[in-house]
Amino acid sequence: HRRFDYRPKPDPYCQARYTFCPTGSAIPVMKEEDVIEVYRLQTPVWEFKYGDLLGHLKIMHDAVGFKSSLTGKNYTMEWYELFQLGNCTFPHLRPGMDAPFWCNQGAACFYEGIDDAHWKENGTLVLMTTISGTIFNEMAKWVKYDNETGIYYETWKVQASPDNQSTVWFDSYECSKFIQRTYQKLADLGAVFRKIQTNYTSIILFSGEPVYLGNETSIFGSLGNKTLAGAIRDFYYPFKPHRTVGEFFVDLLKIIDRVILNGQFYLFYNLEYWFLPMKYPYLKIIYEEVPLPVGSKTSFDV
């Protein structure tokens, strides 16, 4: 996943149904001698609206919590889409614009408090480690860098087969990856994690070797490939928001025909388009264990 030099200002066309990080605040500077508890937080996606519904499919959202021993204050930190998941996964086809239009930025959100009921009722809230204020402050500097340079949400992980050792063509870049990067940074700074199992959700597409197609200019520009541009637009059209149930099922049949029967998928990744020759089992949602990290330098337990 590519790093960028800066975060562009979102286009006003991109609108969220739910405000991104509505109570967000700056990350505080902790006193060096503070002892801060670090919590693993996980809950079903859209738990606030649908309860445990997506939890049965193991579609989970991850975050990390902190509690200061000196102040007693709690904090939550997470990373998610600025304009909801659908906008990050598929583009808009806007009238008068040849190229698909993406609203696919993701970002970190930090705010005071941990909503115990939200995380505990259908998910996880468990103590993982304790860190010093010094480690917390160093982590905060890293979060700023990570947030300013890793700016685009990517829903899909793409790999060659369900085999654990199979080639990963593209990795996802979503909430769980941010949490895993945060854990790794804490470990590198000296945090020692308790021995607990940590599982994360991945939505995987299965594909043969991807074919590079080009970027927006080379495909949709004045000297672009009109045939390819039309094929990409046609592919994305059935994924648009639907006004009626009937419209949804008609487009669902088109998606099944294109992706499964014809083995075609167009992926937008790092501002470039790729063709995926899809193969069985086409798509799978997994909830796999990723062990907690060990630091890259000598660790200590505060």
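What counts and how
Residues numbered from 1 in each chain as written. Predicted model: local features only at pLDDT ≥ 70, side-chain atom pairs only at ≥ 80, totals over all residues. Heavy atoms only, no water. UniProt positions renumbered as here; feature names shortened; annotations may be inferred. pLDDT = per-residue confidence, 0-100. Contact = heavy atoms within 4.5 Å. Pairing = 2+ DSSP bridges. Helix = DSSP H or I, 4+ residues; strand = E, 2+ residues; numbered from the N terminus. Axes fitted to C-alpha atoms, helices over the stretch in contact; angles between N-to-C directions. Salt bridge = Lys/Arg side-chain N within 4 Å of Asp/Glu carboxyl O. Buried < 20%, exposed > 50% of the residue type's maximum accessible area, 1.4 Å probe, protein only. Disulfide = S-S within 2.5 Å. Arc of directions from axis to C-beta. Polar contact = N/O pair within 3.5 Å; in protein donor to acceptor, adjacent residues only side chain to side chain. Parallel < 35°, antiparallel > 145°, perpendicular 65-115°, else oblique. Left-handed = near helix turned anticlockwise from the far one by under 90°. Nonpolar A, V, L, I, M, F, W, Y, C, P; charged D, E, K, R; others polar.

Looking at an unreviewed UniProt entry, one finds the protein chain named Bis(monoacylglycero)phosphate synthase CLN5, with Pampusana beccarii as its source organism. UniProt, in the comment section headed Sequence similarities (unreviewed entry), describes the protein chain in these words: "Belongs to the CLN5 family."

Observations regarding the confidence of the model for the protein chain
Here the protein chain averages 93 in pLDDT, while 97% of its residues score no lower than 70. Contacts for the low-pLDDT stretch residues 298–302, under 50 throughout, to residues beyond four places or in other chains number 13 contacts.

Quick look at the sheet that holds strand β2 (residues 60–68)
A sheet is described by the order of its strands in space; here 5 strands give the open sequence β4-β3-β2-β1-β5, paired in antiparallel fashion. Both outer strands of the open sheet, β4 (106–112) and β5 (124–132), are each paired with one neighbouring strand and no more. Averaged over all pairs of adjacent strands, the angle between strand axes in this sheet comes to 25°, irrespective of strand direction. As paired strands, β2 and strand β3 (residues 74–81) are joined by 5 bridges and run antiparallel to one another.

Quick look at unusual backbone geometry
Outside of glycine, negative phi angles account for most residues, and trans bonds account for most peptide bonds. Note that the residue after Tyr-280, namely Pro-281, is joined by a cis bond; omega there is 5°. Within the secondary structure, Pro-281 sits in strand β11 (residues 272–289). The backbone of Cys-21 sits at a positive phi, close to 45°, despite the residue not being glycine. Along the chain, Cys-21 falls in the segment before β1 (35–44). Phi is positive for Gln-84, which is not a glycine, with a value near 75°.

Some remarks on the pattern of salt bridges
Enumeration according to the criterion identifies 10 salt bridges in this entry. Linking Lys-141 and Glu-138 is a salt bridge whose minimum nitrogen-to-oxygen distance equals 3.1 Å. Here the residue Lys-141 and the residue Glu-138 both occupy positions in helix α4 (residues 133–149), the gap between them amounting to 3 residues, near one helical turn. For Lys-141, a relative accessible area of 54% translates into the label exposed. Overall, Glu-138 belongs to the partly exposed group, its relative accessible area being 34%. With its nearest N and O atoms 3.7 Å apart, the salt bridge here joins Lys-177 to Asp-171. Of the residues examined, Lys-177 reaches a relative accessible area of 16% and is grouped as buried. Taken together, the shared-partner salt bridges connect Arg-3, Asp-146 and Arg-181 into one network.

Examining the state of the cysteines
If you walk through the whole model with that rule in mind, you get 2 disulfides. Here Cys-14 connects covalently by a disulfide to Cys-103, the sulfurs 2.1 Å from one another. Its S-S torsion of about -85° marks the bond between Cys-14 and Cys-103 as left-handed, since a negative value means left-handed. With a gap of 89 residues between them, Cys-14 in the segment before β1 and Cys-103 in the loop between α2 (84–89) and β4 connect regions that are remote in the sequence. Each disulfide pairs two cysteine sulfurs, and for Cys-21 the partner residue is Cys-109, the sulfurs being separated by 2.0 Å. Handedness here is read from the sign of the S-S torsion; for Cys-21 and Cys-109, about 80°, the answer is right-handed.

Observations regarding helix α7 (residues 226–236)
Leu-228, Ala-229, Ile-232, Phe-235 and Tyr-236 are the residues of α7 that are buried. Projected down its long axis, α7 carries its buried residues within an arc of 125°, all on one side. Away from its buried face by more than 90 degrees, α7 exposes Lys-226 and Thr-227. On its buried face, α7 is in contact with β9 (211–215), α6 (216–220), α8 (245–261), β10 (264–269) and β11. Backbone nitrogen of Thr-227 and a side-chain oxygen of the N-cap are separated by 3.2 Å at the start of α7; the cap is Asn-225.

Notes on the side chain of Asn-104
Here Asn-104 is to be found in the loop between α2 and β4. By relative accessible area, Asn-104 is classed as buried at 9%. Excluding its chain neighbours within four sequence positions, the residues that come into contact with Asn-104 are Asn-87, Cys-88, Ile-151, Tyr-152, Tyr-153 and Phe-268.

Things to note about the packing of α4 against helix α5 (residues 175–189)
Close contact between α4 and α5 brings their axes to 10 Å; oriented N to C, the two are set at 140°. In terms of axis orientation, α4 runs oblique to α5. Considering the relative orientation of α4 and α5, their crossing is right-handed. Residues Ile-135, Glu-138, Met-139, Trp-142, Val-143 and Asp-146 of α4 form the contact with α5, whose own contacting residues are Phe-178, Arg-181, Thr-182, Lys-185, Leu-186 and Leu-189. Here the contact of α4 with α5 is built from residues that sort into 7 nonpolar, 1 polar and 4 charged.

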